[in-house]
Amino acid sequence: MSDVGSEDFEEEQSYRGEYEGARNEAGERHGLGRAVLSNGDTYQGMYENGKRSGQGTYSFKNGARYIGEYYMNLKHGQGIFYYPDGSKYEGTWVNDQRQGHGVYTYPNKDTYDGQWLQHQRHGQGVYTYHDTGSKYVGTWVMGKMESAGELIHLNHKYQGTFLNNNPSGSGKYVFDIGSEQHGEYIQEDQDKGDAEEGEPVTTTVLKWKPKSVIGLSIWTAANDSASTVQGLSEEDREHFTQEEKKEQQSPVPEANND
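**Quick notes on unusual backbone geometry**
And then number 1: Non-glycine residue Met72 carries a positive phi angle of around 55 degrees.
And then number 2: Backbone geometry at Ser147 places phi at a positive 70 degrees, although glycine is not the residue there.
And then number 3: Within the secondary structure layout, Ser147 lies in strand S12 (residues 144–152).
And then number 4: Exposure remark for Ser147: the relative accessible area of 39% places this residue in the partly exposed category.

Structure, rendered in structure tokens:
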């Protein structure tokens, strides 16, 4: 996320800049006004007792822009922030930070729609990858995929537990054709050779370990009969079996030539 160079530099320098607008009896900015700050930023909107409070638009000289609610000079309430790199956040702000529900659109057109805490993705949310259409739906903890979630792809999805942005432990792949593969993700150390000092260099990789597969069942008349018999009582099952045998022993009716 591209925050540097934008909201971090939003400080009230307006007393050294220019101001046009309403004031209260104490001479403080109060009501609708427009300020040009000494650093080149501008603010147009509501003031209360000298502080930005209420609806306003803050434009940064680097091209960033915030349109939304303020309280005591801080972004607070609903607002949209347009970042210099083309990304955008639209949602709730608390004390100058993204907090609550909001939608962030990244420069590569990926999106995150969900809960935020102190500028970080935190809580339930959906991250959608623009190029592939894949998405992660689940829990986030301080910006990372954690706990229960699922990765949804074009014709299959993975459901399980995540840790530090990666699948971890038990889970399953569910395919659109109706089959499932159950297993677990484990971490394995792989030897990458020796370092200059002669000590081995290893790297940790994720490995999927399948345990079981729930496959598709192809329909046949025998399977259908078997499933029918399993749903009957003991007495009816015996009668059904006898009737089925009679049908199998009965001669095929001859064609009527009349």
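**Re the pairing of strand S6 (residues 74–82)**
And then number 1: Bridging between strand S5 (residues 65–71) and S6 involves six bridges; their strand directions are antiparallel. Paired with Tyr70 across the two strands is Lys75, which belongs to S6.
And then number 2: The turn linking S5 back onto S6 is made up of two residues, and Met72 within it adopts a positive phi angle of 55 degrees.
And then number 3: Where S6 meets strand S7 (residues 88–94), six bridges bridge the pair, whose relative direction is antiparallel. Its bridge partner being in S7, Gln78 is matched across the sheet by Thr92.

**Some points on the nonpolar core**
And then number 1: Phe81 and Tyr158 are the most contacted members of the largest nonpolar core, which has 28 residues in total.
And then number 2: Where this core is concerned, the elements lending two or more residues are strand S3 (42–48), S5, S7, strand S9 (111–117), strand S11 (135–141), S12 and strand S13 (156–163).

**Regarding the packing of aromatic side chains**
And then number 1: Throughout the structure, instances matching the rule amount to 31 aromatic pairs.
And then number 2: Judged by centre distance (5.5 Å) and plane angle (85 degrees), the ring pair of Tyr43 and Tyr70 falls under edge-to-face. Of this pair, Tyr43 sits in strand S3 while Tyr70 sits in strand S5, and the two are 27 residues apart along the sequence.
And then number 3: Both rings, one in Phe60 and one in Phe81, keep their centres 5.7 Å apart while their planes meet at 40 degrees; by these two values the pair is tilted. With a gap of 21 residues between them, Phe60 in the loop between strand S4 (51–59) and S5 and Phe81 in strand S6 connect regions that are remote in the sequence. Each member of the pair, Phe60 as well as Phe81, carries the same accessibility label: buried.
And then number 4: The ring of Tyr82 has Arg65 lying over it, and the distance from NZ or CZ to the ring centre is 4.7 Å.
And then number 5: Of note, Lys75 hangs over the ring of Tyr66, and the distance from its end group to the ring centre comes to 5.7 Å.

**Some thoughts on the confidence of the model for the chain**
And then number 1: Chain-level statistics for the chain give a pLDDT mean of 82 and a share of 72% at 70 or above.
And then number 2: Throughout residues 236–258 the model reports pLDDT below 50, and contacts reaching past four residues in sequence, or to other chains, amount to eight contacts.

**Description of the pairing of strand S8 (residues 97–105)**
And then number 1: Direction of pairing for S7 relative to S8: antiparallel, over a ladder of six bridges. Opposite Trp93, over in S8, you have Arg98 as the bridge partner.
And then number 2: What sits between the antiparallel neighbours S7 and S8 is a turn of two residues, in which Asn95 has the positive phi angle 50 degrees.
And then number 3: Sheet topology note: the S8/S9 ladder contains six bridges and is antiparallel.

Calculation criteria
- Residues numbered from 1 in each chain as written.
- Predicted model: local features only at pLDDT ≥ 70, side-chain atom pairs only at ≥ 80, totals over all residues.
- Heavy atoms only, no water.
- Helix = DSSP H or I, 4+ residues; strand = E, 2+ residues; numbered from the N terminus.
- Buried < 20%, exposed > 50% of the residue type's maximum accessible area, 1.4 Å probe, protein only.
- Pairing = 2+ DSSP bridges.
- Core = buried A, V, L, I, M, F, W, Y, C linked by side-chain atoms within 4.5 Å.
- Phe/Tyr/Trp six-rings, centres within 6.5 Å; stacked < 30°, edge-to-face > 60°.
- Lys NZ or Arg CZ within 6 Å of the ring centre and 35° of its normal.
- pLDDT = per-residue confidence, 0-100.
- Contact = heavy atoms within 4.5 Å.

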